[in-house]
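Coordinates in review
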Amino acid sequence: MGTPEAAVPSLRRLVEDGHDIVAVWTQPDKPSGRGDKMHSPSIKEFALARGLRVEQPQKIRIPQAKDLFASYEAEVGVVVAYGRILPPEYLRAPHRGCINVHFSLLPLYRGAAPANWAIVNGEAKTGVTTMFIEEDLDAGPILLQRETNIGETETAPELMQRLADIGADLLGETLAKLDVITPRPQHDRDATFAPLLKKQDGFIDWTSNAATIERCVRGFQPWPTAYTHHKSHRLIVWRATAEESSLDGSMGEVVVAHGDHLVVKCGDDTALRLIEVQPEAKRRMDVRDFLNGTHLKVGDRFGEV
RNA sequence: CGCGGGGUGGAGCAGUCUGGUAGCUCGCAAGGCUCAUAACCUUGAGGUCCCGGGUUCAAAUCCCGGCCCCGCAA
């Protein structure tokens with residue numbers, strides 16, 4: 001069971017390891033992108049290409065869906081970023097239970113967006129955990145874990161891709177050693193949470209330290225992105241670096257604007273040097289291009305709507 | 001038929017409402033100038049104004065149709 005791109009490496013690994021995959025469950029196609037085009041989950045594309053059986057129930061809490069799931073009499077259920085909380089019937093249906101691949105070092109960062117929050121919070125490392133699923137969210141007994149360091153300039157999509165690959169490896173190892181692994185219970189008192197991201201999370205607070213903002217720039221990709229406002233238009237910041245700044249200016253004010261250089265004053269005598277941005281309704285561009293077209297001046301202010 | 005923005009020399013944009021010589025900030029080329037700077041000055045090359053119709057003496061601009069890009073919302 002899985003849905004987005006991050007789940008694909010795990011499914012590929014299951015196929016390559018020769019596991020008998022009775023069915024692939026994923027979320028229904030949804031309208032996305034412009035217009036009213038329907039979009040299939042990445043997992044569905046992959047599964048269909050391999051000739052696997054795909055199920056996309058609209059509702060998983062109805063008896064028909066539960067019965068269908070139970071009817072497979074699977075040995076084990078594997079869940080990677082499915083995007084739904086599974087009712088208890090699902091957890092009990094496979095003979096050996098359901099295994100989840102979670103993209104953090106549990107009990108840290110339980111929840112929907114562990115990679116994003118790990119970057120935003122400035123963690124030096126994170127990792128992947130395989131565990132048995134229990135009813136409480138991401139709280140089941142741990143099977144295996146693997147750590148990885150977070151790069152200084154690594155973005156959330158980059159990290160996510162690495163974790164997806166690590167997760168696939170770890171899943172393969174977990175299944176291979178399932179008979180000999182002793183599950184370790186999590187200590188709930190050590191748990192932290194990585195809640196679902198909201199649009200508002202990406203709104204840049206220029207009173208923060210520039211280093212904090214820079215982590216938001218990397219961590220809130222590909223959505224909601226770190227953004228601000230300029231002359232009532234949205235401006236997404238895709239790449240930036242933090243630096244010290246003794247220049248005068250209020251927080252959110254442009255203190256340097258020429259050539260390739262666009263620097264915005266932040267809190268704690270720091271400043272954010274923007275490198276790549278994206279104006280509303282425009283494509284991503286280097287700061288030089290942005291400045292050429294907008295004729296932005298020192299003293300202009302970001303963040304005011 | 002979800003909402004909206006856009007397609008103009010190599011880049012980013014203005015001009016479109018109110019048709020009438022193709023403009024700005026850069027880049028590129030050549031020359032000049034300076035102890036120096038975010039260097040500066042001069043000159044130059046480079047354009048089917050997305051495509052196809054229509055209206056008009058005249059269309060980047062107005063009308064109809066099409067293609068492509070982007071943001072929002074999901």
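Let me sum up the structure you'll find in this document. (Residues numbered from 1 in each chain as written. Chains lettered and ligands numbered in written order. Predicted model: local features only at pLDDT ≥ 70, side-chain atom pairs only at ≥ 80, totals over all residues. Heavy atoms only, no water.)

Here we look at the pairing of strand β7 (residues 125–132)
Each regular strand displays side chains that alternate between the two surfaces of the sheet. Most of β7 is tucked away: six of the eight residues are buried. Pairing analysis gives four bridges linking strand β6 (residues 98–102) to β7, with the strands arranged antiparallel. Of the residues in β7, the one forming a bridge with His-102 is Thr-129. By the bridge criterion, seven bridges tie β7 to strand β8 (residues 142–149) in an arrangement that is antiparallel. Paired with Met-131 across the two strands is Ile-142, which belongs to β8. (Buried < 20%, exposed > 50% of the residue type's maximum accessible area, 1.4 Å probe, protein only. Helix = DSSP H or I, 4+ residues; strand = E, 2+ residues; numbered from the N terminus. Pairing = 2+ DSSP bridges.)

Topic: the environment of Pro-107
Tracing the backbone shows Pro-107 in the loop between β6 and α5 (114–120). Separated by 43 residues in the primary sequence, Pro-107 and Ile-150 have C-alpha atoms spaced 18 Å apart. Pro-107 has contacts with Gln-186, His-187, Asp-190, Ala-191 and Thr-192, leaving out every residue within four places of it along the chain. (Contact = heavy atoms within 4.5 Å.)

Regarding the layout of surface pockets
Approximately 610 Å³ is the volume attributed to the second largest pocket. What lines the second largest pocket is a set of 27 residues, among which Leu-14, Asp-20, Val-76, Gly-77 and Val-78 lie closest to the centre. Of the residues belonging to the lining of the second largest pocket, the class tally is 19 nonpolar, four polar and four charged. (1 Å grid on protein atoms, 1.4 Å probe; cavity = no way out; pocket = protein on both sides within 12 Å on 5 of 7 lines; lining within 4 Å. Points joined across faces, edges and corners; volume = space filled by probe spheres on them. Nonpolar A, V, L, I, M, F, W, Y, C, P; charged D, E, K, R; others polar.)

Some remarks on helix α1 (residues 8–16)
For α1, the set of buried residues is Val-8, Pro-9, Ser-10, Leu-11 and Leu-14. Positive backbone phi, approximately 80 degrees, marks Gly-18, located one or two places after α1.

With respect to the packing of aromatic side chains
Taken as a whole and judged by the stated rule, the model has eight aromatic pairs. An angle of 85 degrees between the planes, with centres 5.3 Å apart, marks the rings of Trp-25 and Phe-69 as edge-to-face. On the criterion of sequence distance, the pair formed by Trp-25 in strand β1 (residues 24–25) and Phe-69 in helix α3 (residues 63–71) is long-range, its members being 44 residues apart. Residues Trp-25 and Phe-69 agree in their burial class; the two are buried. Where Trp-25 meets Tyr-90, the ring centres are 5.9 Å apart and the plane angle is 75 degrees; that geometry is what we call edge-to-face. Residue Trp-25 is located in strand β1, and its partner Tyr-90 is located in helix α4 (residues 88–92); the two are separated by 65 residues in the primary sequence. Relative accessible area serves as the criterion here: at 1%, Trp-25 is assigned to the buried category. Among the residues examined, Tyr-90 registers a relative accessible area of 0% and is labelled buried. Here a set of aromatic residues connected by ring pairs shows up, and it is made of Trp-25, Phe-69, Tyr-72 and Tyr-90. Here the guanidinium or amino end of Lys-199 rests over the ring plane of Tyr-227, the centre of that ring lying 5.4 Å away. (Phe/Tyr/Trp six-rings, centres within 6.5 Å; stacked < 30°, edge-to-face > 60°. Lys NZ or Arg CZ within 6 Å of the ring centre and 35° of its normal.)

Quick notes on the sheet that holds β7
Taken in spatial order, the four strands line up as β5-β6-β7-β8 in an open sheet, and their pairing is mixed. The open sheet has two free edges, formed respectively by β5 (77–79) and β8, since each of these has just one partner strand. Averaged over all neighbouring strand pairs, the angle between strand axes comes to 15 degrees, with direction disregarded. Sheet analysis places β5 next to β6, joined by three bridges and oriented parallel. (Axes fitted to C-alpha atoms, helices over the stretch in contact; angles between N-to-C directions.)

A closer look at the environment of Ala-240
Secondary-structure assignment places Ala-240 in strand β10 (residues 233–244). Separated by 188 residues in the primary sequence, Ala-240 and Leu-52 place their C-alpha atoms 43 Å from one another.

Remarks on the pairing of strand β11 (residues 254–258)
Within β11, four of the five residues are buried, which leaves it mostly tucked inside the rest of the structure. Examined bridge by bridge, β11 and strand β12 (residues 261–265) share four bridges and lie antiparallel to one another. From the neighbouring strand, His-258 faces β12, where its bridge partner is His-261. Taking the residues that link successive antiparallel strands as the turn, the β11-β12 hairpin has two residues, and the phi of Gly-259 there is positive, at about 55 degrees.

Focus: the pattern of salt bridges
Taken as a whole and judged by the stated rule, the model has 21 salt bridges. Among the ionic pairs, Asp-29 bridges to Lys-44, the shortest N-O distance being 3.0 Å. In this pair, Asp-29 sits in the loop between β1 and β2 (30–31) while Lys-44 sits in helix α2 (residues 42–49), placing the two residues 15 residues apart along the sequence. The class of Asp-29 is partly exposed, set by a relative accessible area of 23%. Exposure remark for Lys-44: the relative accessible area of 14% places this residue in the buried category. Between Asp-188 and Arg-110 there is a salt bridge whose closest N-O contact spans 2.9 Å. You can see Asp-188 sitting in the loop between α6 (156–176) and α7 (210–219) and its partner Arg-110 sitting in the loop between β6 and α5, a full 78 residues away along the chain. For Arg-110, a relative accessible area of 5% gives the class buried. (Salt bridge = Lys/Arg side-chain N within 4 Å of Asp/Glu carboxyl O.)

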